[in-house]
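Survey of secondary and tertiary structure
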Amino acid sequence: MRLLPLLIASTLLLTACGQQDAAPAADAAPGAADTAAATATPESANAPAAGPLPGEPGAADAAATGTSTPVQSNATPLPGEPGGPDLAAAAPPTEFDPASVPESSASLPPFPFFKEPEGLVSTLGDRDRNKNFDREHMIAGDKVVAIEGKVFRDRFQLTNPEQREYSDIEFHRNYANAIAELGGQKINQVQYTNQVNAAFGGREAVDKHYHGTCASDGCENHTYLIRQGGKEWWIQVSTGAIPLHGEVVVLERQGMTSKLAFIDAAAMKKALDADGRIALYINFDVDKATLRPDAAAVVTEIHSLLSNDPALRLSIDGHTDSTGTAERNRELSRQRAEAVQAALVAKGIAADRLQAQGFGPDQPLADNATEDGRAKNRRVELVRLP
């Protein structure tokens, strides 16, 4: 008799458990979700879910519960990300002003300032380490810039077991501290990314005059500037690659000292009479339309040419190499042609005898794949007008 109450209680308990287990199956039955949506009032349809969501205070951790409730982010998407601004519409790079770096009062050692780091041996020979005049691409502010002058380059393997080993942090820190002692400052705000390279014309354009471990993700590059007595020394320190390497470029910014005599007015006239045009190589500041002091002699000869032949009318045509974007080069070449025109007008030549236009990289004289070819393409042409 005592067993009967126990059997009845067990039966009731099992029945209750079965009802609880069956409830989720009923909710998941076909049409159940549609029925619930059809019977919900507007207030209940818009009401917030009862209880905290996973990840909120008082709620179970989402990872622990196995749920996949999406968490909405208020972060603004970056350029190029879904929902973010188009890369082409991103803000253009800003112009870096070297004068923003104060002049150093330190006693500077002879160029190129630095000895080999302790325990390291350069992998470059003297011929590759020293260039009397060349161009280097570095980052200033948030953009790649082209700087010209006397160049020193060095390269070290940092994990050579036969030498002292350096981490990339130690290599960078040594140069950063030494440059700070010389009164220099770090001037790059970004690294070489796809977006930064694209603004300069692409990775291929950057690599033409880049000397570092790599101008892309996976390598670390920093640019420094030292100014003193009106001179500028640009320094790029780079680490990366496999095996780990460190590279250093020191450039003393300066204009090239021409090894050629300037063509005179008589030679210009002879070429114009024979071909109707002549290519001149006039020096401007890098990426600017500012005539360098050594351009004055060429402008003087053009002035003599025009003064000796009052009926002569000229088109001044600017041309560039293919470094950088074509649009920027067309604008720059036009500005340079206009600078020559303005210099001649300032010397007394009537403005209506001259016109100025820019063709950028569109009419090359030589192959832009070589430095010699690019140098020939960076020119100003005088073309006889009817």
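Residues numbered from 1 in each chain as written. Predicted model: local features only at pLDDT ≥ 70, side-chain atom pairs only at ≥ 80, totals over all residues. Heavy atoms only, no water.

**Remarks on the overall build of the protein chain**
Scanning the protein chain for helices and strands turns up 12 helices and 10 strands. The buried share of the protein chain, taken over its 386 residues, is 34%. As displayed, the protein chain offers around 22,300 Å² of accessible surface, 55% of which is attributable to carbon and sulfur atoms. (Helix = DSSP H or I, 4+ residues; strand = E, 2+ residues; numbered from the N terminus. Buried < 20%, exposed > 50% of the residue type's maximum accessible area, 1.4 Å probe, protein only. Areas by Shrake-Rupley, 256 points an atom, 1.4 Å probe, with all protein chains shown as cover.)

**Here's the deal with the pattern of salt bridges**
Here the structure, examined in full by the defined rule, presents 26 salt bridges. When the shortest N-O distance is used, the salt bridge between Lys 143 and Glu 95 registers 3.3 Å. Remark: Glu 95 occurs in the loop between helix H4 (62-65) and helix H5 (126-129) and Lys 143 occurs in strand E2 (residues 143-157); sequence separation between them is 48 residues. By relative accessible area, which is 18% here, Lys 143 ends up buried. Overlapping salt bridges, with partners in common, bring together Arg 135, Glu 148, Asp 285, Arg 292, Asp 321 and Arg 378 in one network. (Salt bridge = Lys/Arg side-chain N within 4 Å of Asp/Glu carboxyl O.)

**Description of the sheet that holds strand E10 (residues 379-384)**
The strand order across the open sheet formed by four strands is E7-E10-E8-E9, and the pairing between neighbours is mixed. Pairing within the sheet leaves two strands with one partner each, and these edge strands are strand E7 (277-280) and strand E9 (354-358). Averaged over all pairs of adjacent strands, the angle between strand axes in this sheet comes to 20 degrees, irrespective of strand direction. Where strand E8 (residues 314-319) meets E10, six bridges bridge the pair, whose relative direction is antiparallel. From the neighbouring strand, His 319 faces E10, where its bridge partner is Arg 379. (Pairing = 2+ DSSP bridges. Axes fitted to C-alpha atoms, helices over the stretch in contact; angles between N-to-C directions.)

**Details of unusual backbone geometry**
Going from Phe 111 to Pro 112, the amide bond is cis rather than trans, its omega being 10 degrees. With respect to the secondary-structure elements, Pro 112 resides in the loop between H4 and H5. Although it is not a glycine, Ala 241 sits at a positive phi angle of roughly 75 degrees. The phi dihedral of Asp 287 falls on the positive side, at around 60 degrees, and the residue is not glycine. Within the element layout of this structure, Asp 287 appears in the loop between E7 and helix H10 (296-308). Take Asp 287: its relative accessible area is 34%, and that puts it in the partly exposed class.

**Structural notes on the confidence of the model for the protein chain**
Of the residues in the protein chain, 74% have a pLDDT of 70 or more, and the chain-wide mean is 82. For residues 1-51, every residue scores under 50 in pLDDT, and the model assigns this stretch two contacts once sequence neighbours within four places are set aside. Confidence drops under pLDDT 50 across residues 59-73; counting only partners more than four residues distant or on other chains, this segment forms 10 contacts. (pLDDT = per-residue confidence, 0-100. Contact = heavy atoms within 4.5 Å.)

**What about the packing of aromatic side chains?**
With the rule as written, the count across this model stands at eight aromatic pairs. Summarising the aromatic geometry, the rings of Phe 96 and Trp 234 are spaced 6.2 Å apart at their centres and angled 80 degrees between planes, so their arrangement reads as edge-to-face. In this pair, Phe 96 sits in the loop between H4 and H5 while Trp 234 sits in strand E5 (residues 231-240), placing the two residues 138 residues apart along the sequence. Judged by relative accessible area, Trp 234 falls into the buried class, the value being 1%. Through a chain of ring-to-ring contacts, the aromatic side chains of Phe 111, Phe 113, Phe 114, Phe 156, Phe 171, Tyr 175 and Trp 233 assemble into a single cluster. When the ring centre of Phe 111 is taken as origin, the NZ or CZ atom of Lys 150, which lies over that ring, is 4.6 Å away. Note that Arg 164 overlies the ring of Tyr 166, its terminal NZ or CZ placed 4.2 Å from the centroid. (Phe/Tyr/Trp six-rings, centres within 6.5 Å; stacked < 30°, edge-to-face > 60°. Lys NZ or Arg CZ within 6 Å of the ring centre and 35° of its normal.)

**Re the side chain of Arg 374**
Summarising the element assignment, Arg 374 is placed in helix H12 (residues 371-377). Among the residues examined, Arg 374 registers a relative accessible area of 5% and is labelled buried. The contact partners of Arg 374, leaving out residues within four places of it in the chain, are Lys 208, His 209, Asp 321, Thr 323, Asp 367, Asn 368 and Ala 369.

**Some remarks on the packing of H10 against helix H11 (residues 326-346)**
Direction vectors running N to C along H10 and H11 enclose 60 degrees, while the axes themselves pass 10 Å from each other. Compared by their axis directions, H10 and H11 come out oblique. Taken as a pair, H10 and H11 cross one another with a handedness that is right-handed. In this structure, H10 contributes Val 299, Ile 302, His 303 and Leu 306 to the contact, and H11 contributes Val 340, Ala 343 and Leu 344. Of the residues contributing to the contact of H10 with H11, the split by class is six nonpolar, one polar and no charged. (Parallel < 35°, antiparallel > 145°, perpendicular 65-115°, else oblique. Left-handed = near helix turned anticlockwise from the far one by under 90°. Nonpolar A, V, L, I, M, F, W, Y, C, P; charged D, E, K, R; others polar.)

**As for the nonpolar core**
One finds Ile 302, Leu 344 and Leu 382 to be the most contacted residues of the largest nonpolar core, which totals 25 residues. Looking at this core, the elements that each hand over two or more residues are helix H9 (265-275), E7, H10, E8, H11 and E10. Counting residues per element, this core draws most heavily on H10, at five residues. Sequence-distant contacts of Leu 344, that is, excluding residues within four places in its chain, are made with Val 299, Ile 302, His 303, Leu 306, Ile 316, Ile 349 and Leu 354. One finds Leu 108, Phe 156, Ile 226 and Val 237 within the second-largest nonpolar core, a separate group that totals 19 residues. (Core = buried A, V, L, I, M, F, W, Y, C linked by side-chain atoms within 4.5 Å.)

**Considerations on the side chain of His 319**
Here His 319 lies in strand E8. Other than its neighbours up to four places away in sequence, His 319 contacts Ser 333, Phe 359, Gly 360, Gln 363, Asn 377, Arg 378, Arg 379 and Glu 381.

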